[in-house]
Amino acid sequence: MSSSLPASLPASLSGRTVLVTGATSGIGYETAHQLAELGATVLVHGRTPEEAQAATDRLIASADISAALLRPLAADFARLDEVENLAHAVVRDHPRLDVLVNNAAIAAPERHTLTADGNEISFQVNFLAHYLLTNLLEPALTSDPGGRVVNVSSALHRSGAIQWNDPQRVRRYSRLAAYAQSQLALTVFAADPRVTAVSVNPGVCETGLLPLYGHEGAPAAEGAEHVVRLCDPATEIVNGAYYDRSERVAPAAAATEDRTIKRLNKLADLLVGHTA
């Protein structure tokens, strides 16, 4: 099973509204940049209002993008109450959302770190916050053809394992294992039947996550192109599909197992304090 994304970016995304999480730097910023250049209205998410506004100002100044196409939004994904507030604001102000790009991610820290919500920080920021956000945005996410969720994943999801009895990795912590677990969970979530979603590994790029992968990476704009192509309604997608850059390939076996998907939903609902 292998199919490719179109070689070129879409001609126009005018009239479409896209929320990009983690849009203040790296692949998220470049994705917002390319989407706005193609005419989409982009909701630019940052950790703080100041960071979101600064990224928006930078896009307007450096890329000659109309301010009318950009909306800064803020939520610290290490705080689930802020994620809820973000979702409610989006549903209120943008009742029709065409695409959600779940891109925000952090490298797991060297030392085991729990959020105020009691979750291992990379598991919450990289997966649980997106799980909660996606479910709360369901009223706004259009069910029209072309409406979709794009999860920005990683090749490291293949080395990940979800520690069902210790998802917070309290007993045994390794930053690489914690990060890989968060990316595997995000990839499994793409196969959730409640949403139309795909995952994409944009490749190793020059972003804040580069130290997890090595010393050299492609420009972030190159990784962003693979994300933007999946935002194009003309790109037909299969729920749960996984792309390695522009090629559709099979993800880790666990990512498409019904039992794993159901088990992860149950765990995530418990950890975010919501029921599906």
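Located above this text is the structure these notes cover.
Residues numbered from 1 in each chain as written. Predicted model: local features only at pLDDT ≥ 70, side-chain atom pairs only at ≥ 80, totals over all residues. Heavy atoms only, no water.

### As for the packing of aromatic side chains
For any pair of aromatic rings, geometry is given as the distance between the ring centres together with the angle between the planes.
Phase 1: Enumeration according to the criterion identifies four aromatic pairs in this entry.
Phase 2: Between F123 and F127 the ring centres are 5.5 Å apart and the planes differ by 45 degrees, which places this aromatic pair in the tilted class. Of the two residues, F123 and F127 are both situated in helix α4 (residues 121-136); the distance of four residues between them amounts to about one turn of the helix.
Phase 3: Look at F127 and you get buried, because its relative accessible area is 1%.
Phase 4: Geometrically, the ring pair formed by F127 and F189 is edge-to-face, given 6.2 Å between the ring centres and 75 degrees between the ring planes. Within this pair, whereas F127 is found in helix α4, its partner F189 is found in helix α5 (residues 175-189), the two being separated by 62 residues in sequence. (Phe/Tyr/Trp six-rings, centres within 6.5 Å; stacked < 30°, edge-to-face > 60°. Helix = DSSP H or I, 4+ residues; strand = E, 2+ residues; numbered from the N terminus. Buried < 20%, exposed > 50% of the residue type's maximum accessible area, 1.4 Å probe, protein only.)

### Some details on the pairing of strand β5 (residues 99-102)
Phase 1: Every second residue of β5 is oriented toward a common face, with V99 and V101 on one face and L100 and N102 on the other, all of them buried.
Phase 2: Pairing geometry for strand β2 (residues 17-20) and β5, over three bridges, is parallel. Bridging across to β5, V18 finds its partner in V99.
Phase 3: Examined bridge by bridge, β5 and strand β6 (residues 148-152) share four bridges and lie parallel to one another. Bridge pairing in β6 links L100 to V149.
Phase 4: For the segment spanning β5, α4 and β6, crossover handedness is right-handed. (Pairing = 2+ DSSP bridges. Right-handed = clockwise from strand over helix to strand, strands pointing away.)

### So, the packing of helix α3 (residues 80-93) against α4
Phase 1: Where α3 meets α4, the axes come as close as 9 Å, and the angle between the chain directions of the two elements is 35 degrees. Where α3 crosses over α4, the two elements pack in a sense that is right-handed. Here L80, V83, E84, L86, A87 and V91 of α3 come into contact with α4, specifically with Q124, A129, L132, L133 and L136.
Phase 2: When its residues are assigned to classes, the contact of α3 with α4 shows nine nonpolar, one polar and one charged. (Axes fitted to C-alpha atoms, helices over the stretch in contact; angles between N-to-C directions. Left-handed = near helix turned anticlockwise from the far one by under 90°. Contact = heavy atoms within 4.5 Å. Nonpolar A, V, L, I, M, F, W, Y, C, P; charged D, E, K, R; others polar.)

### So, the sheet that holds strand β8 (residues 242-244)
Phase 1: Pairing is mixed across the open sheet formed by nine strands, whose spatial order is β1-β9-β8-β7-β6-β5-β2-β3-β4. Bordering the open sheet on either side are β1 (3-4) and β4 (70-74), each of which pairs with just one other strand.
Phase 2: Of the strand pairs in this sheet, strand β7 (residues 197-201) and β8 are connected by three bridges, and their pairing is parallel. The residue of β8 that forms the bridge with V200 is Y243.
Phase 3: Across the sheet, helix α1 (residues 26-37) lies against β2, β3 (41-46) and β4, angled at about 170 degrees from β2, the strand it touches most.
Phase 4: Each of β2, β5 and β6 is contacted by α4, which is oriented at about 170 degrees to β5, the strand it contacts most.

### Let's talk about the side chain of N102
Phase 1: Following the sequence through the fold, N102 ends up in strand β5.
Phase 2: For N102, a relative accessible area of 0% corresponds to the buried category.
Phase 3: Among the polar contacts listed, one links the side chain of N102 to the side chain of N151, at a separation of 2.9 Å.
Phase 4: Ignoring sequence-local partners within four residues, the contact set of N102 consists of T21, H130, L133, T134, V149, V150, N151, V152 and L186. (Polar contact = N/O pair within 3.5 Å; in protein donor to acceptor, adjacent residues only side chain to side chain.)

### Looking at the pattern of salt bridges
Phase 1: By the definition in use, this model includes nine salt bridges.
Phase 2: Note that R96 and D98 form a salt bridge whose closest N and O atoms lie 2.7 Å from each other.
Phase 3: Note on R96: relative accessible area 41%, which makes it partly exposed.
Phase 4: Assessed through its relative accessible area of 1%, D98 is described here as buried.
Phase 5: Here R194 makes a salt bridge to D192, at a shortest N to O gap of 2.8 Å.
Phase 6: For D192, a relative accessible area of 0% gives the class buried.
Phase 7: One continuous salt-bridge network, built from bridges that share partners, spans R16, R96 and D98. (Salt bridge = Lys/Arg side-chain N within 4 Å of Asp/Glu carboxyl O.)

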